Amino acid sequence: MISIARNFFLQKTIRSIPLRLFLNLYPPFIFSRIHVLRISEDLLHFEVRLRRSWMNKNLASSIFGGSIFSMVDPFYAIMYWVHFHNKRKPITVWLKEGSIKYIKPAYSDLFVRFSLMDSDIEEVEAHLATGNSYQKKHEVQVLNDRGELVALAQLIVYLKSK
């Protein structure tokens, strides 16, 4: 699996459909029941579902909080990395800090939309051009199948040019 991942990410340009397929075959996502539903062609918008199943239910029959956090953890880092990779600008990127506030129990599948705006990219590029690292904050809403807010996450992504 490691050599497959290495070869996948060594491609000169990463496209939305192969990336979605690769992420959906990534074992931690499979076992966590995380599924990437859509990735926009420009790779700036991801839609992700966390399926409720016996593998992620707690004793109260709601989804484990850790599973919900796993759903929001990697995607902004992936989005930034892919964007800069496709521009031939290698960066180091990782989730430096994350917090989550659980609003109500999750008794159904959960959904999240991750979006990077052009202004986000421009802001990061301007800071990285100075040679310094940068930390970008994002807020993520986790919704149930009725569109109700289940959790609210604050994520801080660390970025630095290589």
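For the structure, check the block above.
Below or above, wherever it landed, is the structure these notes cover. Just so it is clear, the structure is predicted and the values come from calculations on it, not from any experiment.

What to know about the nonpolar core
Then, number 1: In this structure, L23, F46, F75, Y80, L110 and F114 are the most contacted members of the largest nonpolar core, which totals 45 residues.
Then, number 2: Not counting residues up to four positions away in its chain, the partners in contact with F75 are L23, F29, I34, V36, F46, V48 and F114.

A closer look at the pairing of strand 5 (residues 134-144)
Then, number 1: Taking every second residue as pointing to the same face, the buried face of strand 5 carries Y134, K136, H138, V140, V142 and N144, while none of Q135, K137, E139, Q141 and L143 on the other face is buried.
Then, number 2: Note: strand 4 (residues 110-115) against strand 5, 2 bridges, orientation antiparallel. Paired with L110 across the two strands is N144, which belongs to strand 5.
Then, number 3: Pairing of strand 5 with strand 6 (residues 149-161), which is carried by 10 bridges, proceeds in the antiparallel orientation. Each residue of the ladder has a partner; that of Q141, found in strand 6, is L152.

Brief notes about the packing of aromatic side chains
Then, number 1: Evaluation of the coordinates by the stated rule reveals 6 aromatic pairs.
Then, number 2: With 5.3 Å between their ring centres and 40° between their planes, W94 and Y158 make a pair best called tilted. Of the two residues, W94 is situated in strand 3 (residues 91-102) and Y158 in strand 6; the sequence distance between them amounts to 64 residues.
Then, number 3: Given a relative accessible area of 39%, W94 falls into the partly exposed group.
Then, number 4: The exposure class of Y158 is buried, given its relative accessible area of 17%.
Then, number 5: Among the aromatic residues, those joined into a ring-pair cluster are Y26, F29, F46, F75, Y76 and F114.

A closer look at the pattern of salt bridges
Then, number 1: All told, the structure shown has 8 salt bridges when counted by the stated rule.
Then, number 2: Residue R38 pairs with E47 through a salt bridge whose shortest N-O separation is 2.6 Å.
Then, number 3: A relative accessible area of 49% places R38 in the partly exposed class.
Then, number 4: Relative accessible area serves as the criterion here: at 23%, E47 is assigned to the partly exposed category.
Then, number 5: Residues participating in the shared-partner salt-bridge network are R38, E47 and R113.

Notes on unusual backbone geometry
Outside of glycine, negative phi angles account for most residues, and trans bonds account for most peptide bonds.
Then, number 1: Of note in this structure, R33 is not a glycine but carries a positive phi near 70°.
Then, number 2: Along the chain, R33 falls in the loop between helix 3 (27-32) and strand 1 (34-39).
Then, number 3: For R33, a relative accessible area of 26% translates into the label partly exposed.
Then, number 4: Not every positive phi belongs to a glycine, and R88 is a case in point at roughly 60°.
Then, number 5: Note on placement: R88 falls in the loop between helix 5 (75-86) and strand 3.

Thresholds applied
Residues numbered from 1 in each chain as written. Predicted model: local features only at pLDDT ≥ 70, side-chain atom pairs only at ≥ 80, totals over all residues. Heavy atoms only, no water. Core = buried A, V, L, I, M, F, W, Y, C linked by side-chain atoms within 4.5 Å. Buried < 20%, exposed > 50% of the residue type's maximum accessible area, 1.4 Å probe, protein only. Contact = heavy atoms within 4.5 Å. Helix = DSSP H or I, 4+ residues; strand = E, 2+ residues; numbered from the N terminus. Pairing = 2+ DSSP bridges. Phe/Tyr/Trp six-rings, centres within 6.5 Å; stacked < 30°, edge-to-face > 60°. Salt bridge = Lys/Arg side-chain N within 4 Å of Asp/Glu carboxyl O.

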